[in-house]
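Geometric and topological summary
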Amino acid sequence: MDYNRGTSSSSGRYGHRQSSLALTPEEEPLDSYPRLISDLKFPNLLPPNPPIKILIAFCKNDPVFEALVTASHRLNFEPTFVKSAETAIEAFQNAATGGHHIIVVDARYPRIIEADVLGRSIRNSKGSQHTTMVAVVKKNLFEKDDTAVISLLDVGFNRCIIESPHVSICSSELRQIQHSLVRPQNVISTQQALYTALHRSREAVIITDDSLRAQYANRASEKVLNMKLDEIVGRSLNDLVTADISNILSHTTRHKDYEGFISTRRKSQETLHIHVRAVPVSCIGRNPTHLVLILEQTSGTTLSALASDALQALPHGKEVARGSLHSIRRGSFDVRSTASDGLRRTSLAKLSQLPLEAPITKVLSLLAQVQENCSADESKLLDRVMEFLKREGLYSPQMKEIRTEDPVATDLIGALLTQGPTNILSSRRSSNDSIIRGGGRPSTGSIVFNKTRESSQLSELLNSALSWDFEIFKLEELTEKRPLVCLGLELFRRFDVYNTFCCDEVTFKLWLIEIEKKYHSDNTYHNSTHAADVMQATACYLQQLSNRETKVMDRMDEATALIAAATHDIDHPGRSSAFLCNSDDRLALLYNDICVLESHHAATTFRLTMADDKINIFKHLDRESYKLARSIIVDMILATEMTRHFEHLAKFVSVFGTDVDSKETTHDNDDNQILIRRMLIKCADVSNPTRPLKFCVEWARRIAEEYFTQTDEEKHRNLPIVMPMFDRTTCSISKSQIGFIEYIIHDMMDAWNSFIEMPEIVRYMEHNYSKWKLFEEQGINTLSDIKRKQLTLNSETTGSSSIEEL
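Residues numbered from 1 in each chain as written. Predicted model: local features only at pLDDT ≥ 70, side-chain atom pairs only at ≥ 80, totals over all residues. Heavy atoms only, no water.

Counting secondary structure elements, the chain contains 35 helices and 10 strands. Considering the chain as a whole, with its 806 residues, one finds that 49% of them fall into the buried category. (Helix = DSSP H or I, 4+ residues; strand = E, 2+ residues; numbered from the N terminus. Buried < 20%, exposed > 50% of the residue type's maximum accessible area, 1.4 Å probe, protein only.)

As structure tokens, this is what we get:
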């Protein structure tokens, strides 16, 4: 066989073949064969046909490598050679020389080049959807175990070939790959131009399968249906419209176009009449496989327009006297009331002329209109309502009154809700007391992820990564206090974060390593294990939300939520914001005593990520996507600040109240999405009391130790003591947990459970609360008491502490 026939010329075009059958349209001159009628009716786009670039990733220059290199030159390919997975990713992602058509990876030595990791990373890289990946494997792999081959195909490889040192065999393999995989991919790649045209079209276009389930929707369809694209795609047309669609099917199944009107109910509950054209398409066989629906919004009146007209038709003060006939004031009138009416109307007129209008302004305007037509008593009540609405701290309720006989709870809750410097001079302790210093820099020891990743114990543990009973402390032990990298990669993989960010797995791995290094390993609580635990809780919540019929969070929401959870306490010094303010710490000076720690966590996250392209997980996002991701991550990290706890909770309850079905509340509203994300990370951050008892007790011991260490340092430095009751010799840990659950956790988890429908968190919370009360009665208070109790809890069987028995 002549392998030189049809190879690339210097211009990059393939030579004219003698055969009358062209594999691709560009291989024959336009006049070399008659044009079909279908080609004129549905013209084809000529696919790209540049010189083929091949990337060969081999760790050794052995005979197999030499044969592939020689074969590549024989076929006039443009080869690039690398010796590691990292350099392969860099070469492929290079803007000037990357974008290879074929990537050949040596999968024979997994300890040197992890082919599965490299495959996933390439597939998650931008522009890899039409790249052909080939794995070179040993011959005995085919003969003994096909699971390894299947696993390579599952991670994104298109083909596995047996190692061979013969140039002719390698040339044959590459030639077959060129014709059977690369050229069809070039043809498929032309679809991107068509999809781009559809996406920018001003006409709303939806493409469905033969059962009218949406497979594609363009941007214009978002405006017509008032839905996000991910809420349209995958749903049946029956769910999107209120009209009977059987008439559409009766026409299109007979290969006839349909034209008519359908009605749809938008998320704002408006009924909209839409003109639709339905065109059947047969991709395979003779029967229609897809329908192209072109939607055109009619100029009919919507319900919102009718509501606006009705609002404008409301009688004003000059038209109708205040109050109904049976409630008109008699005998005399109140001069102050009359004057206030005039002032109210004057103020309202000025308010309506302002160029800016906030939602609260609209509410006040509507209440003022209602007030013009109500009784005197009702008007007074509305006056009080409007006064409340005008206050700045609308969603900042006062903290519940704490029992004076519970000083530990008073200390804890008060300190959590205190941001700035504390002036409790009377609570100073003697500077002669002992001190245990904490919060230092982390160890620079090597990451043991590559070693532990292969262990069967770790693999078995990660299989339960989305279980609420996940053994986080077992993971901490297996990874030698570096659990964030291991768990983070697993959760990113499960939630498809790599594809969402168009970024490879290696970049995410390097990013997680750097993020975990910035956590202080000598903090007993605020370390990378806490970050991994919050990330795992976030993932459980996201999984629960994904099971709802109505989609609450899209892929970007899920990805950014996991990133925010992983970084929400990065570089935490093991001291509270109040401590930093009292001690004139550089961070308190930098952030003006306002949201000190959370601002530092958010800033550190992006400063660290953007400083090095090798760990920049945002590098392939476009500007708008990056701005969106950054705003979500920053907002979620700032939401973990406890001083605004009641504000966030009050806002969430006001929208997704526990007394109404939260499923009926629209989630696509931007403000509502913000509330959900804030509540999600807040609940994940303080989820310890809602975990199984043995985990709850361990976390309580760790946070108490960190608070004790802070108090020790405050006494040593003669600083105001933020939590005087957290003295390691006298404090009751049980009381602190009882107060924490009563005043912070209980209401929040009740509200969150009513929204997310995850009853185990409430059952565990109530069980743990009763146990802490029992511990207090039994005198189990100090650190030593808690440690002894933990031995008993750890010796119990897992069945005795399961959720079913609570």
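Back to the text.
A separate point is the environment of N61. Locating N61 in the fold gives a position in the loop between β1 (53–57) and α2 (63–74). Expressed as a C-alpha distance, the spacing of N61 and K83, which sit 22 residues apart in the sequence, is 9.1 Å. Excluding anything up to four places from it in sequence, N61 contacts E66 and K83. (Contact = heavy atoms within 4.5 Å.)

Centre-to-centre distance and the angle between the planes together describe a pair of aromatic rings. According to the stated counting rule, one finds 24 aromatic pairs in the structure shown. Summarising the aromatic geometry, the rings of W772 and F775 are spaced 5.6 Å apart at their centres and angled 85 degrees between planes, so their arrangement reads as edge-to-face. One end of the pair is W772 and the other is F775, both in helix α34 (residues 760–777) and three residues apart, which spans about a single turn. Note on W772: relative accessible area 0%, which makes it buried. In textbook terms, an aromatic cluster arises when at least three aromatic residues are bridged by ring pairs, as seen for F492, Y498, F501, F508, W511, F606, F618 and Y626. One residue, R691, lies across the ring of W468, its end atom 4.0 Å from the ring centre. Lying across the ring of W699, R702 places its NZ or CZ 5.5 Å from the centre. (Phe/Tyr/Trp six-rings, centres within 6.5 Å; stacked < 30°, edge-to-face > 60°. Lys NZ or Arg CZ within 6 Å of the ring centre and 35° of its normal.)

Across the six residues that make up strand β4 (residues 132–137), a large majority, six, are buried. Side chains of β4 alternate between two faces, with T132, V134 and V136 and M133, A135 and V137 buried alike. Following the chain from strand β3 (residues 102–106) across helix α4 (residues 115–123) to the adjacent parallel β4, one finds a crossover that is right-handed. (Right-handed = clockwise from strand over helix to strand, strands pointing away.)

Spatially, β2-β1-β3-β4-β5 is the arrangement adopted by the five strands of the open sheet, whose pairing is parallel. Looking at the sheet topology across the chains shown, the edges are occupied by β2 (78–82) and β5 (159–162). Across the sheet, the axes of successive neighbouring strands diverge by a mean angle of 20 degrees, strand direction being ignored. Both β3 and β4 contribute to a ladder of five bridges, which runs parallel. Within β4, the residue paired with V105 across the bridge is A135. (Pairing = 2+ DSSP bridges. Axes fitted to C-alpha atoms, helices over the stretch in contact; angles between N-to-C directions.)

Another aspect to go through is the confidence of the model for the chain. With 74% of its residues at a pLDDT of 70 or more, the chain has an overall mean of 78. Of the regions scoring below 50 in pLDDT, residues 299–356 engages in 40 contacts with residues more than four places distant in sequence or in other chains. With pLDDT under 50 throughout, residues 797–801 is counted as low confidence; its partners more than four residues away or in other chains account for three contacts. (pLDDT = per-residue confidence, 0-100.)

A full pass over the atoms with the stated rule returns 28 salt bridges. In this structure, D106 and R108 form a salt bridge, with 2.8 Å as the shortest nitrogen-oxygen distance. In terms of burial, D106 and R108 fall into one category: buried. For D785, the salt bridge is made with R788, and the minimal N-O distance between the two is 2.4 Å. Residue D785 and its partner R788 are located together in helix α35 (residues 783–795), separated by three residues, close to a single helical turn. If you follow the salt bridges from partner to partner, you end up with R120, E490, R493, R494 and E505 in one network. (Salt bridge = Lys/Arg side-chain N within 4 Å of Asp/Glu carboxyl O.)

In this approach the atoms are scanned with a rolling probe the size of a water molecule, which exposes any empty space left behind. Of the voids in this model, the largest pocket is the one considered here, and its volume is about 1800 Å³. Looking at the largest pocket, it is lined by 40 residues, and the ones nearest its centre are H199, L229, M556, D622 and S625. The residue inventory of the lining of the largest pocket, partitioned by class, reads 12 nonpolar, 13 polar and 15 charged. (1 Å grid on protein atoms, 1.4 Å probe; cavity = no way out; pocket = protein on both sides within 12 Å on 5 of 7 lines; lining within 4 Å. Points joined across faces, edges and corners; volume = space filled by probe spheres on them. Nonpolar A, V, L, I, M, F, W, Y, C, P; charged D, E, K, R; others polar.)

Another point: the UniProt feature "active site" (unreviewed entry) in the chain. Taking the UniProt record as the reference, the feature "active site" (unreviewed entry) is found at H526. Considering the arrangement of structural elements, one finds H526 in the loop between α23 (505–517) and α24 (528–546). (UniProt positions renumbered as here; feature names shortened; annotations may be inferred.)

To continue, consider unusual backbone geometry. We note that D496 has phi near 55 degrees; this positive angle belongs to a residue other than glycine. By the secondary structure assignment, D496 is in the loop between α21 (483–494) and α22 (497–500). A positive phi angle, near 65 degrees, is found at D593, a position not held by glycine. Topologically, D593 is positioned in the loop between α27 (586–590) and α28 (596–611). According to the relative accessible area criterion, D593 is partly exposed, its value standing at 28%.

Note on placement: D557 falls in helix α25 (residues 555–567). Residue class for D557 comes out buried when judged on its relative accessible area of 5%. Reaching out from D557, the side chain makes a polar contact with the side chain of R677 at a distance of 3.1 Å. Every residue in contact with D557, bar those within four places of it in the chain, is listed here: I632, Q673 and R677. (Polar contact = N/O pair within 3.5 Å; in protein donor to acceptor, adjacent residues only side chain to side chain.)

One finds F492, F501, Y541 and W752 to be the most contacted residues of the largest nonpolar core, which totals 113 residues. Here this core takes 12 residues from helix α33 (residues 733–756), the largest share from any one element. For F501, the contacting residues outside a window of four places in its chain are F508, M556, A559, T560, I563, I617, F618, H620, L621 and A629. Ranked by size, the runner-up nonpolar core spans 26 residues in total, among them V82, V117, L152 and C160. (Core = buried A, V, L, I, M, F, W, Y, C linked by side-chain atoms within 4.5 Å.)

Turning to the pairing of β1, a few remarks are in order. The element β1 is largely enclosed, with a buried count of five among its five residues. Residues K53, L55 and A57 line one face of β1 and the alternating positions I54 and I56 line the opposite face, and both faces are buried. Sheet topology places β1 next to β2; five bridges connect them, and they run parallel. If you follow I54 over to β2, its bridge partner there is P79. Regarding the hand of the β-α-β motif, the stretch spanning β1, α2 and β2 is right-handed.

With 16 residues, α28 extends 22 Å from end C-alpha to end C-alpha; this agrees with the ideal 22 Å at 1.5 Å per step. Those residues of α28 lying buried are V596, L597, E598, S599, H600, H601, A602, T604, T605, F606 and T609. Looking at the buried positions of α28, the neighbouring elements they touch are α23, α25, α26 (577–582), α27 and α29 (623–638). (Expected span 1.5 Å × (residues − 1).)

Moving on: the packing of α24 against α25. The contact between α24 and α25 brings their axes to 8 Å, and the two run at 160 degrees. Relative to α25, the element α24 is oriented roughly antiparallel. Both α24 and α25 take part in a crossing whose hand is right-handed. Counting all contacts with α24, which are made through A531, V534, M535, T538, A539, L542 and S546, the residues of α25 involved are E558, A561, L562, A565 and A566. Residue composition of the contact of α24 with α25, grouped by class: nine nonpolar, two polar and one charged. (Parallel < 35°, antiparallel > 145°, perpendicular 65-115°, else oblique. Left-handed = near helix turned anticlockwise from the far one by under 90°.)

Along the chain, the position of L542 falls in helix α24. Taking the relative accessible area as the measure of exposure, L542 reaches 1% and is therefore buried. Residues L542 and L680, spaced 138 residues apart in sequence, show a C-alpha to C-alpha distance of 8.6 Å. If we skip the residues at most four places from it in the chain, L542 touches F495, M553, E558, A561, L562 and L680.

So, on to the environment of S754. Counting through the fold element by element, S754 comes out in helix α33. Look at S754 and you get partly exposed, because its relative accessible area is 26%. Between the C-alpha atoms of S754 and G657, which are 97 residues apart in sequence, the distance is 8.2 Å.

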